[in-house]
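In case you want the letters, here they are:
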Amino acid sequence: MSEADVDAMVLAVDPELPQPAIARDDVVLVTGPWLAGATGVINALRERLPRHRFVEAAEIRAGVAPVAMVFVVSATAPLTESDCALLDASAADTDAVIGVVTKIDVHRAWRQVLEADRTITAGHAPRYAAMAWVGAAAAPDLGAQAVDDLVAAVEQAVATDSLARRNRLRAWENRLLGAAHHYESEVVGEGREVRLAALRERRAAEVRRARLDKTERAIAVRAQMQQARLQLSYFARNRCASVRTELQEDAASATRRTFGAFTDYVRRRIGEVVEEVDDGTAQQLSQVGLELGLPIECPAPPALAVEVPAAPLRSRRVETRLMALLGAGFGLGVALTLSRLLADLAPQWTAAGVVACAVIGVLLTLWVVGTRGLLHDRAVLDRWVAGGTSGLRAALEERVASWVLAAESALGIAAAERDAAQSVRVDQVLAGIDREIHQLAVTRAHAVAERDLHMPVIERALAVVRVELAPAVGTDSTNRPI
Ligand SMILES: Nc1nc2c(ncn2[C@@H]2O[C@H](COP(=O)(O)OP(=O)(O)OP(=O)(O)O)[C@@H](O)[C@H]2O)c(=O)[nH]1
Ligand SMILES: [Mg+2]
């Protein structure tokens, strides 16, 4: 069966099957792991079999397959996984493979290594179960060159009738396995699962972060407003207390002449305090808005009009009479005592002394009554100031509380609007992620459909190829009838 017959046989399964894209070159490839002795082997083969062309891996072009391959391994140690991978790659399109264990001149246990290599390769892939293994010493350090078995094996391999057919079948098998691998790997998708996992993780993180941000923002708004409420009511109380102290001091030093202006002065000071607290509140609330990144659209409440009634310096007839009586008694007492004293000390001045003592008594009476009246008025003013400032304090506290409440509700609205904008952004991000996840799922479904469509055909073709490649009963390892 020629190569063309093999192609026709496989294509009979399905003419659309992917064909081997290699060119067959009439050369024998000699290759093997690093420092295994390939160059020594190729030199010996070139010398012993000049009719054939031998090449090393570096001399063969990509897309070209040799007719046979000599896989050179050292007798130093059995094959490793990477050596098997090299064997697979080198013999992918070539069926005739001969294993050579070199340096048998110096490694007495080479037969064990050879058997171990045979077992390892047979275990690695069924196709190597029938592989020929020989020992050789191509560039010996000890004794003579020993390549006869190798030469015989190569000669036998290249002279096999079925060589071209089996090589073509092997190329087909490689091509079909490559196509099957392609469909399978499309289903698995290079990095698709990793990408999917990353997308799912990112989605969960976005949802988590959005929830956390929302909660954090709500907590920040509440905390800032509570702090502002506390600070502002403390500020209002503090200002009222200090203006009260100030006004009480002023009341304590007020005189009859300043009594009239004192009420106006107190009204002005109270107005100033209201203004100060208003300014402070507006400033603090706008600062809160800045810190939260939310504009507070909250106008100040209507101006606070604190009613300050005139100081109750009303007439106090009973007290005045009482004071007049007491003062008169005191003045009379002083006048009598002085006149008596004067009569004893200077009897010649008694008449004039009586007049003078009477005048002194009257003056003292006036002074006592006047001073007592002044002190009384100051005490009244003091109580009036205390009452006025405590009324101011209550009014200011109420004003600040209602202002903060209004600001809080304005902030709540702004925060809700911001949350809505954030959730639109998060929805967009999630929609993007979902789109990508969907796209990956679609790609995977498409790959599964492609695999399910093509794999049965490829498997049928592979089965045909493998039946042809299976060594017939009664043939040796090179498929030559025994
Ligand atoms: N004793 C002994 N040494 C050998 C034999 N064949 C090769 N060597 C030694 O093994 C070493 C590697 O030999 P090469 O033939 O250059 O091996 P290679 O696989 O071509 O090496 P690279 O191309 O460098 O990977 C050299 O030092 C050789 O002298 C042999 O049959 N017997
Ligand atoms: Mg070399």
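In this text the structure is predicted, and so the values were computed from the model without any measurement.

The immediate surroundings of ligand 1 are formed by 15 residues, with Leu35, Gly37, Ala38, Thr39 and Asp105 found nearest. Between Thr39 and ligand 1, the recorded distance is 2.6 Å, taken from a side-chain N or O atom to an oxygen atom. Gly40 is positioned with one of its backbone polar atoms (N or O) 2.9 Å from an oxygen atom of ligand 1. About the coverage of ligand 1: the protein hides 69% of its 640 Å² of free accessible area.

The next subject is the nonpolar core. Within the largest apolar cluster, 37 residues are counted, with the highest numbers of intra-cluster contacts made by Met225, Val266, Leu285, Leu381, Trp384, Leu392 and Leu396. Sorting the residues of this core by element identifies α7 (192-252), α8 (256-292) and α10 (350-469) as the ones contributing at least two each. Tallying contributions element by element places α10 first for this core, with 13 residues. Sequence-distant contacts of Trp384, that is, excluding residues within four places in its chain, are made with Phe262, Thr263, Val266, Val308, Pro309, Ala310, Ala311 and Pro312. Formed by 28 residues, the second largest nonpolar core is a distinct cluster that contains Ile42, Val100, Leu150 and Ala153.

This brings us to the pairing of strand β5 (residues 132-135). Within a regular strand, side chains alternate between the sheet's two faces. A two-sided burial pattern is seen for β5, the buried positions comprising Ala132 and Val134 on one face and Trp133 and Gly135 on the other. In this sheet, β5 lies alongside strand β4 (residues 96-102) in parallel orientation, the contact comprising four bridges. For Val101, the partnering residue across the bridge sits in β5 and is Gly135. In this fold, the crossover linking β4 to β5 by way of helix α4 (residues 110-124) has right-handed handedness.

Applying the stated criterion across every chain yields a total of 25 salt bridges. For the salt bridge of Glu173 with Arg466, the shortest nitrogen-to-oxygen distance reads 3.0 Å. Of this pair, Glu173 sits in helix α6 (residues 163-188) while Arg466 sits in helix α10; the two residues are 293 residues apart in sequence, bridging distant segments of the chain. Note that Arg267 and Asp264 form a salt bridge whose closest N and O atoms lie 3.7 Å from each other. Linking Arg267 with Asp264, this pair stays in helix α8, spanning three residues, or about one helical turn. Each of Asp95, Arg166, Arg170, Glu173 and Arg466 takes part in salt bridges that share partners, so that together they form one network.

A few words now on a nonpolar patch on the surface. Together, Val355, Val359, Val362, Leu363 and Leu366 line one region of the surface with nonpolar side chains, adding up to about 480 Å² of accessible area. By the element assignment, Val359 lies in helix α10. Note on Val359: relative accessible area 46%, which makes it partly exposed.

A few words now on the pairing of strand β1 (residues 23-31). Pairing between β1 and strand β3 (residues 64-74): seven bridges, direction parallel. Each bridged residue has a counterpart across the sheet, and for Val30 the counterpart in β3 is Val70. Sheet analysis places β1 next to strand β2 (residues 54-56), joined by three bridges and oriented parallel. If you follow Leu29 over to β2, its bridge partner there is Val55. The β-α-β motif built from β1, the intervening helix α2 (residues 38-48) and the parallel element β2 has right-handed crossover chirality.

So, on to the domain arrangement of the chain. Taken domain by domain, the chain consists of domain 1 (3-188) and domain 2 (202-437). Relative placement of domain 1 and domain 2: their C-alpha centres are 105 Å apart.

Here the focus is the UniProt feature "transmembrane region" (unreviewed entry) in the chain. The UniProt record annotates "transmembrane region" (unreviewed entry) at residues 322-343 and 349-369. Counted over residues 322-343, helix gives 100% and strand 0%. Its end C-alpha atoms are 31 Å apart. This span, residues 349-369, is 95% helix and 0% strand, and a straight line between its end C-alpha atoms measures 30 Å.

The strand order across the open sheet built from five strands is β2-β1-β3-β4-β5, with neighbouring strands paired in parallel fashion. Edge positions in the open sheet fall to β2 and β5, since each of these has one partner strand only. Direction aside, neighbouring strands of the sheet carry axes that sit 30° apart on average. In this structure, β3 lies alongside β4, joined through seven bridges in parallel fashion.

Calculation rules
- Residues numbered from 1 in each chain as written.
- Chains lettered and ligands numbered in written order.
- Predicted model: local features only at pLDDT ≥ 70, side-chain atom pairs only at ≥ 80, totals over all residues.
- Heavy atoms only, no water.
- Near = heavy atom within 4 Å.
- Polar contact = N/O pair within 3.5 Å; in protein donor to acceptor, adjacent residues only side chain to side chain.
- Areas by Shrake-Rupley, 256 points an atom, 1.4 Å probe, with all protein chains shown as cover.
- Core = buried A, V, L, I, M, F, W, Y, C linked by side-chain atoms within 4.5 Å.
- Buried < 20%, exposed > 50% of the residue type's maximum accessible area, 1.4 Å probe, protein only.
- Helix = DSSP H or I, 4+ residues; strand = E, 2+ residues; numbered from the N terminus.
- Contact = heavy atoms within 4.5 Å.
- Pairing = 2+ DSSP bridges.
- Right-handed = clockwise from strand over helix to strand, strands pointing away.
- Salt bridge = Lys/Arg side-chain N within 4 Å of Asp/Glu carboxyl O.
- Patch = residues over 30% accessible without salt bridge, like charges linked within 9 Å, V, L, I, M, F, W, Y side chains within 5 Å.
- Domains from an automatic or database assignment.
- UniProt positions renumbered as here; feature names shortened; annotations may be inferred.
- Axes fitted to C-alpha atoms, helices over the stretch in contact; angles between N-to-C directions.

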